[in-house]
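So the chains spell out like this:
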Amino acid sequence: MHIFNQGKYKSLHAQAAGELAAVRDVVLQDKDFRPTYHLAAPTGLLNDPNGLIFDGEHYHIFYQWFPYDAMHGMKHWKHYITRDFRTFHEGDMLIPDERFESHGCYSGGAILWQDNIVAFYTGNVRRASDNQRVPHQNMAIFDKSGKLLEKRCIISEPPAGYTEHVRDPKPFITPEGKIRFVVGAQRNDLTGTALLYEMDDLNSTPRLLSELAVEAFDNQNVFMWECPDLFQLGGKEVFVWSPQGKNREAYQYQNNFHAVYALGKLVGSSLQTDQIDELDYGFDFYAPQTIENSDRILVGWVGLPDLQYPTDRYKWHSMLTLPRKLSLQNGKIYQQPLVEMGERETLHLAGEQPIADLDTCYLQISVENRPLVLDFFRNSQGQTLRLRYDDGVLSLDRTATEQTEIMAKFGSVRQCKLARLDKLELFFDRSVVEIFVNDGEKVLTSRFFIAERENVLISENTVEIEIAKVRAITYK
């Protein structure tokens, strides 16, 4: 075992006595923004969900984690195990302590192989002579109880024709029993793509089959494809990935980086697409991954690369989305949250209404394609979060909330176009809202920051609302 400790490249093995407890004390000073039913790191920065798999009885959820501060330092894999997405206990983590992961355990996925969980991931390695990154593709084997059994490297350098940016392997098992994995990559001409590898078994050398082509996707200005995921849904092939570099537009690709799906038929190594769309239209969503061996449940990161949030001052950053069941309807992917709620009550709202525990509630709003203006929360600084629907456009406006400079740089309104709006479902959890439109036709996931808020809802229209308490998750 190697104990790495070079500035931000510091593993958990190098922690001083009481160091993480001191960071946790700072986290606990946050009285306004920590979520109750979203999975969040105890300290530090959380980003991509990784290694998501159902082992037949339990779901294993890993995520990227830098434990010491709200910054992108040395990546570990935090590991939680659950039957129901409500009660979680910890499994063994991936801690960078081998030469083939010397500067962090980057993202990847997992399969179930011979009754063990096999996680594929990228080892971030920087060459001592010139600090050049050399990506290593690795595997880690866990038993179903969550115990780490072994780690090893399977590819020690990028293939010819590609830069140092080859990462995030997501494996799957073919009908013929082969292991394949798709990995994000950057070509030498600095354009993004994905590569497809195949292995006969865990002990064979991975063979590069080809690039994965996505027909009809505009790859202009895209310099990297991250977090690829290839699977079947409703008799179609689906490719989910996070392309970096697309130009921002008024009604789509509005963030600095994006999460996209392509739906169609895979012919050889080319996906002939029927539909390409974003998975989320909110401010904060990236690097989604589906749970392998499940009925296609998706989890994403409530965050984006290169952003800072007001909670960074409390030494914690980001959370995971609610798990979302994917389905194919009307030639598109629909998403429905898997969450446990209490009894519902119905309100007929016009004007201003205090609502107890609004900031941890579920709300279902009947819109019936009528104009809508709703303001959520209020504090002494006049801060509020506005949701508006008019003329076929749904918009979420966080202008009147606390934002960091980099948040404001990418705009304070997110919009999506709809043929009609009949129903909204909102899940508030203190500093995050997930909005599901028309039973999951569209989704908007966003952070918002209103300190010392009053739980009040103000409507310019008369609306019927169903409200329910969402039960908090527990950690064993």
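Predicted, not measured: the structure shown is a model, and the values here were computed from it.

Trainee: How do you make sense of empty space enclosed by the protein when you look at a structure like this?
Mentor: Once rolled over the atoms, a probe with the size of a water molecule shows which space is left empty. This model, assessed by the stated rule, comprises 6 cavities of 30 Å³ or more. Approximately 100 Å³ is the volume found for the largest cavity. Residue lining of the largest cavity: 13 residues in total, with L39, F88, T321, L322 and P323 positioned closest to the centre.

Trainee: Honestly, the layout of surface pockets in this entry has me stumped. Any pointers?
Mentor: In this structure, the largest pocket encloses a volume near 530 Å³. Elements supplying a minimum of two residues to the lining of the largest pocket: β3 (44-54), β11 (162-173) and β16 (224-233). Ranked by the residues each element gives to the lining of the largest pocket, the list is headed by β11, at 3 residues. Across the lining of the largest pocket, the residue classes break down as 7 nonpolar, 9 polar and 9 charged. Around the second largest pocket, the lining is made up of 15 residues, and of these F172, P175, Q232, E237 and L266 lie nearest the centre. Contributions of two or more residues to the lining of the second largest pocket are made by β11 and β16.

Trainee: How should the UniProt feature "domain: Glycosyl hydrolase family 32 N-terminal" (unreviewed entry) in the chain be read in this particular structure?
Mentor: When the UniProt feature table is mapped onto this chain numbering, "domain: Glycosyl hydrolase family 32 N-terminal" (unreviewed entry) sits at residues 38-337. Between the C-alpha atoms that bound residues 38-337 the distance is 12 Å, and the span itself is 0% helix and 52% strand.

Trainee: Is there a simple way to think about the nonpolar core in this case?
Mentor: Within the largest apolar cluster, 54 residues are counted, with the highest numbers of intra-cluster contacts made by L39 and Y63. With 5 residues, strand β4 (residues 59-66) is the single largest residue contributor to this core. Beyond its immediate sequence surroundings of up to four residues, L39 is in contact with L46, I61, Y63, Y80, F88, M319, L320, I473 and Y475. Grouped together as the second largest cluster of nonpolar side chains are 34 residues, L349, L387, V433 and V463 included.

Trainee: So what exactly am I meant to see when it comes to the state of the cysteines here?
Mentor: Within this structure, the stated rule accounts for 0 disulfides. Here C105 stays free of any disulfide, with the sulfur of C153 as its closest cysteine sulfur at 12 Å. A residue is classified by how much of its surface remains accessible, and C153, at 28% relative accessible area, is partly exposed.

Trainee: Would you mind going over the UniProt feature "domain: Glycosyl hydrolase family 32 C-terminal" (unreviewed entry) in the chain with me for this structure?
Mentor: Look at the UniProt record and you will see "domain: Glycosyl hydrolase family 32 C-terminal" (unreviewed entry) annotated at residues 377-452. Strand forms 47% of residues 377-452 and helix 7%; the C-alpha atoms that close the span are 10 Å apart.

Trainee: Help me understand the pattern of salt bridges in this model?
Mentor: Under the criterion given, the structure shown has 36 salt bridges. Here R152 ties to E150 by a salt bridge, and the two come within 2.8 Å at their closest N and O atoms. Under the relative-accessibility criterion, E150 is labelled partly exposed at 35%. Where R471 meets E340, a salt bridge forms, and the shortest distance between an N and an O atom there is 3.2 Å. With R471 in the loop between β35 (454-469) and β36 (474-475) and E340 in the loop between β25 (332-337) and β26 (345-354), this pair connects stretches of sequence that are 131 residues apart. Look at R471 and you get partly exposed, because its relative accessible area is 40%.

Trainee: Help me understand the sheet that holds β16, please; the structure alone is not making it clear to me.
Mentor: What links the strands of a sheet is backbone hydrogen bonding, and the strands pair in either a parallel or an antiparallel sense. If you trace the 5 strands from one edge of the open sheet to the other, you get β15-β19-β18-β17-β16, paired in mixed fashion. Only two strands of the sheet have a single partner each, and these edge strands are β15 (213-214) and β16. Pairing of strand β17 (residues 236-244) with strand β18 (residues 260-267) involves 5 bridges; the strand directions are antiparallel. What sits directly across from W241, in β18, is V260.

Trainee: For this particular structure, what's the right way to read the pairing of strand β12 (residues 179-187)?
Mentor: If a strand is regular, its side chains alternate between the two faces of the sheet. Most of β12 sits inside the fold, with 7 of its 9 residues counted as buried. Sheet analysis places β11 next to β12, joined by 7 bridges and oriented antiparallel. The residue of β12 that forms the bridge with K170 is V182. Hairpin remark: β11 followed by β12, antiparallel, with 5 residues in the connecting loop; positive phi at G177, about 90 degrees. Bridge analysis of β12 against strand β13 (residues 192-199) gives 8 bridges, and the strand direction is antiparallel. Each bridged residue has a counterpart across the sheet, and for R180 the counterpart in β13 is E198. The antiparallel pairing of β12 with β13 creates a hairpin that spans 4 residues between the two strands, and L190 there sits at a positive phi of about 65 degrees.

Conventions used here
Numbering of residues starts from 1 in each chain and follows the order in which that chain's sequence is written. Residues qualify for local features only when their pLDDT is at least 70, as the model is predicted, and side-chain atom pairs are given and counted only at 80 or more; totals for whole chains, interfaces and linings, by contrast, use all residues. As a rule here, side-chain values cover all heavy atoms of the structure and leave hydrogens and water aside. Both site types are read off a 1 Å grid over the protein atoms alone. A 1.4 Å probe that fits but cannot get out defines a cavity, while an open set with protein on both sides within 12 Å along at least five of seven lines defines a pocket; lining residues have an atom within 4 Å of a point. Grid points are joined across faces, edges and corners, and a volume is the space filled by probe spheres set on the points. Here a strand is any run of E in DSSP of at least two residues, a helix any run of H or I of at least four, and the numbering for each starts at the N terminus. Under the scheme applied, nonpolar residues are Ala, Val, Leu, Ile, Met, Phe, Trp, Tyr, Cys and Pro; charged residues are Asp, Glu, Lys and Arg; polar residues are all the others, including Gly. UniProt positions are given in the numbering used here, feature names are shortened, and annotations may be inferred rather than shown by experiment. Grouping buried Ala, Val, Leu, Ile, Met, Phe, Trp, Tyr and Cys residues that are joined through side-chain atoms within 4.5 Å yields what is termed a nonpolar core. For every residue, the accessible area obtained with a 1.4 Å probe (protein chains only) is divided by the maximum for its type, and the residue is called buried under 20%, exposed over 50%, and partly exposed between those limits. We call two residues in contact whenever any of their non-hydrogen atoms come within 4.5 Å of each other. Cysteine sulfur atoms that pair up within 2.5 Å are treated as a disulfide. Just to be clear on terms, a salt bridge is a Lys or Arg side-chain nitrogen sitting within 4 Å of an Asp or Glu carboxyl oxygen. Paired strands are those between which DSSP finds at least two bridges.

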